Amino acid sequence: MRGLLDLVPDYVRSFERYVPSRPDPVLMRQFGVEHLFRLNNNENALGPPPLAQEAIAAFRPELGAIYPSGDAYDLRQALAARFGKSPDRFLVGNGSCEVISSVIRAFCGPGDAIVTADKTFAVYEWVAQFSGIETRLVPLAGRALSAAAMLAAVTERTKVLFVCNPNNPTGSWWNRATLERFLTALDGRALVVLDEAYREFLDDPDFPDGMEVMERHANVLVFRTFSKMYGLAGFRIGYLCGSLEAVDIVRRTHIAYSVNILGQIAAMAALADDAGHLAATRRMVDEARCFLRDLFDAMGLEYVSQAGNFIMVRTPISDTMLYRKLMREGVMVRTMTGFRCPNWIRVTLGREQAMEAFAKALPKVLSTHERPDVIPSHKGRIWRVR
């Protein structure tokens, strides 16, 4: 008689599952703290835009008995109006992770491969691995994605290249010229996914807008999300945009009705009310980035921080040990060993209270470093570590 494992493909048996963190109340009891500052998932500390908050609060419970729009019809109309494209060029998913899975299923089969960086958003690699698709990982050049190395990794088996721009966790990004040279050299030999999850945190005229790039390169798909800048991570709303042909192909492998009704409503409201929210979030992130840069400079710690609402810092002790020590101080960060960056942590940039809590806890647990009492910050502002 065959056992259960005999029915499982080798590539699934060999895959190590992702283990999410426990709920905050459980973690607080485990580490003996009364408050926990979540600085591990790059969530927006300001929450959703005001109109989205109103839409969530006004949701009628009886609508919970009704299936949502199976293809996020109204939200696709809103996205089409925002970006000046046909609504059929948009596909909405249960977070970017589902959209990634749909793209790989649509374009990759047995014997095919994807190309991505070795230190980037890990879900590209994970989905390929547990789908039996080869992943060709390209080392970063310094802290940035290497266009030349990614091109060199392409073979006749390559179907998709994933370019996280800006890159998570390093925050590096390709400018217009770099991306254009890359796409020209690739010459349509494979699909290119531009993952722009952190695009809204960047306000630089030299950053290439994927929504415009795809009009000149039919092999480009763009991913964006409502989880980061728009503060709707709990509703899991991600989307892609591309040519009608490419999106139609992906839609064939995409699960309908996967996006909940309240998430669709909140995302539409967020799009209608984002100007002030984007500006306020960028101000918060810029101030927090300057504050933590000053902290790390004072402590003599190496850090990487470009675009995005996060900063990565090298630590003098194991990142997993530092995580446990910081948790006992009520501060939760992301360890970077899983990103192939051992002894680094990533810290979400957020509100002043959370930044001060981290700035107080880090020198305390790193006893080999002198703890600064006063740390200067952006525009001469002083945040005192209490």
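Caption draft 1: Region of interest: unusual backbone geometry. Along the chain, N165 connects to P166 via a cis peptide bond; the corresponding omega equals 0°. The backbone of Y257 sits at a positive phi, close to 65°, despite the residue not being glycine. On the accessibility criterion, Y257 (51% relative accessible area) is exposed.

Caption draft 2: Just the sheet that holds strand β2 (residues 90-94), in detail. Strand order in the open sheet formed by seven strands is β2-β8-β7-β6-β5-β3-β4, with mixed pairing between adjacent strands. Edge positions in the sheet fall to β2 and β4 (134-138), since each of these pairs with one other strand and no more. This sheet shows a mean twist of 20° between the axes of neighbouring strands, independent of strand direction. Two strands pair when backbone bridges link them, and β2 and strand β8 (residues 237-241) are joined in this way by five bridges, in the antiparallel orientation. Across the sheet, F90 pairs through a bridge with C241, a residue of β8.

Caption draft 3: Representation of empty space enclosed by the protein in the model. Tallying each qualifying case throughout the model produces one cavity of 30 Å³ or more. For the largest cavity, the calculated volume is near 30 Å³. Considering the residues around the largest cavity, the lining is formed by A144, L145, C164, N165, N167, S172, W173 and W174. In terms of residue class, the lining of the largest cavity is built from five nonpolar, three polar and no charged.

Caption draft 4: The arrangement of the nonpolar core in detail. With 90 residues, the main nonpolar core has F182, F226, L292 and F358 as its most contacted residues. The element contributing the most residues to this core is helix α12 (residues 275-299), with nine residues. Setting aside chain neighbours within four positions, we find F226 in contact with L75, L79, G231, L232, A233, I237, Y239, A267 and L271. Counting residues in hydrophobic clusters, the runner-up holds 23 residues, among them I114, F223, L240 and V250.

Caption draft 5: Molecular detail of the packing of helix α4 (residues 73-83) against helix α11 (residues 261-271). In contact at an axis separation of 9 Å, α4 and α11 are set at 20° when each is read in the N-to-C sense. As the angle between them shows, α4 and α11 are arranged roughly parallel. For the crossing formed where α4 meets α11, the hand is left-handed. Contacts between α4 and α11 involve Y73, D74, L75, A78, L79 and R82 on the former and, on the latter, Q264, A267, M268 and L271.

Calculation criteria
Residues numbered from 1 in each chain as written. Predicted model: local features only at pLDDT ≥ 70, side-chain atom pairs only at ≥ 80, totals over all residues. Heavy atoms only, no water. Buried < 20%, exposed > 50% of the residue type's maximum accessible area, 1.4 Å probe, protein only. Pairing = 2+ DSSP bridges. Helix = DSSP H or I, 4+ residues; strand = E, 2+ residues; numbered from the N terminus. Axes fitted to C-alpha atoms, helices over the stretch in contact; angles between N-to-C directions. 1 Å grid on protein atoms, 1.4 Å probe; cavity = no way out; pocket = protein on both sides within 12 Å on 5 of 7 lines; lining within 4 Å. Points joined across faces, edges and corners; volume = space filled by probe spheres on them. Nonpolar A, V, L, I, M, F, W, Y, C, P; charged D, E, K, R; others polar. Core = buried A, V, L, I, M, F, W, Y, C linked by side-chain atoms within 4.5 Å. Contact = heavy atoms within 4.5 Å. Parallel < 35°, antiparallel > 145°, perpendicular 65-115°, else oblique. Left-handed = near helix turned anticlockwise from the far one by under 90°.

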